[in-house]
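The lines below spell out each chain.
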Amino acid sequence: SGFGATLLVTGTTVVVGAPADDYVAENAGAVYVFTKIGNNWSLASRFNRLAPNSSFGAAMALAADGQLAVGAPDEGGGIGRHVPGVGDERERADP
């Protein structure tokens with residue numbers, strides 16, 4: 001699955017890329033967001049691509065305001081992910 005191929009750590013949040021994740025489609029990729037509450041880490045969100053061989057999660061960047069950008073270098077179009085907080089997500093796909 002490539003789990004851990006990319007990693008972002010900030011405060012009480014860890015974002016893990018898995019660009020070869022096959023959960024939805026072969027090598028579509030996924031991104032896992034973990035949060036720490038007290039002494040426990042838990043999975044807060046999981047983002048997947050539907051297109052096979054996208055490698056979603058191969059690159060990631062986190063802005064100071066909490067926006068998460070996720071790269072899918074093998075995807076035909078551009079993919080972006082805005083994740084300002086747990087449970088509040090939006091996806092944008094460029095044609």
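See the structure printed just above.
Read on for an overview of the structure. Residues take numbers from 1 onward in each chain, read along the sequence in its written order. Selection of residues for local features in this predicted model requires a pLDDT of at least 70, selection of side-chain atom pairs for listing and counting requires 80 or more, and totals for whole chains, interfaces and linings are taken over all residues. Each side-chain value is worked out from all heavy atoms of the structure, with water and hydrogens disregarded.

**What about the overall build of the chain?**
Secondary structure is summarised from DSSP: a helix means a run of H or I of at least four residues, a strand means a run of E of at least two, and numbering begins at the N terminus for each. A count of helices and strands for the chain gives 0 helices and 8 strands. Start at the N end of the chain and walk to the C end: the helices and strands fall as β-β-β-β-β-β-β-β. Remark: exposure states derive from per-residue accessible area (1.4 Å probe, protein chains only) relative to the maximum for the residue type, with buried under 20%, exposed over 50%, and partly exposed in between. When each of the 95 residues of the chain is scored for burial, the buried share is 37%. The contact criterion used throughout is that any non-hydrogen atoms of two residues lie within 4.5 Å. A sequence separation of at least 24 residues applies to 33% of the contacts in the chain between residues at least 6 apart. Methods summary: accessible areas were calculated by the Shrake-Rupley approach with a probe of 1.4 Å, and residue burial reflects only the protein chains presented. When the accessible surface of the chain is totalled, it reaches about 5300 Å², and 51% of it is carbon and sulfur.

**Notes on the pairing of strand β5 (residues 59–62)**
Where a strand is regular, its side chains alternate between the two sheet faces. Here the rule is simple: two strands pair whenever DSSP picks up at least two bridges between them. Of the pairings in the sheet, the one linking β5 to strand β6 (residues 68–71) comprises 4 bridges and is antiparallel in character. Bridged to alanine 61 within β6 is alanine 69. Two successive antiparallel strands, β5 and β6, enclose a turn made up of 5 residues, where glycine 66 displays a positive phi of approximately 95 degrees.

**Here's the deal with the nonpolar core**
By convention a nonpolar core is built from buried Ala, Val, Leu, Ile, Met, Phe, Trp, Tyr and Cys residues, the set being connected through side-chain atoms within 4.5 Å. Grouped together as the largest cluster of nonpolar side chains are 10 residues: Leu8, Val15, Val31, Val33, Phe47, Phe56, Met60, Leu68, Val70 and Ala72. Contributions of two or more residues to this core are made by β3 (30–37) and β6. Counting 5 residues, the second largest nonpolar core, distinct from the first, contains Val14, Val16, Ala18 and Tyr32.

**Considerations on the sheet that holds strand β4 (residues 40–48)**
Across the sheet, 4 strands lie side by side as β1-β2-β3-β4; this open sheet has antiparallel pairing. The open sheet has two edge strands with one neighbour each: β1 (6–10) and β4. The sheet shows a mean angle of 15 degrees between the axes of neighbouring strands, taken without regard to direction. The pairing of β1 with strand β2 (residues 13–18) spans 5 bridges and is antiparallel. In the strand pairing of β2, threonine 10 is matched with threonine 13. Here the axes come from fitting lines to C-alpha atoms, over the contacting stretch only for helices, and the angles between their N-to-C directions go from 0 to 180 degrees.

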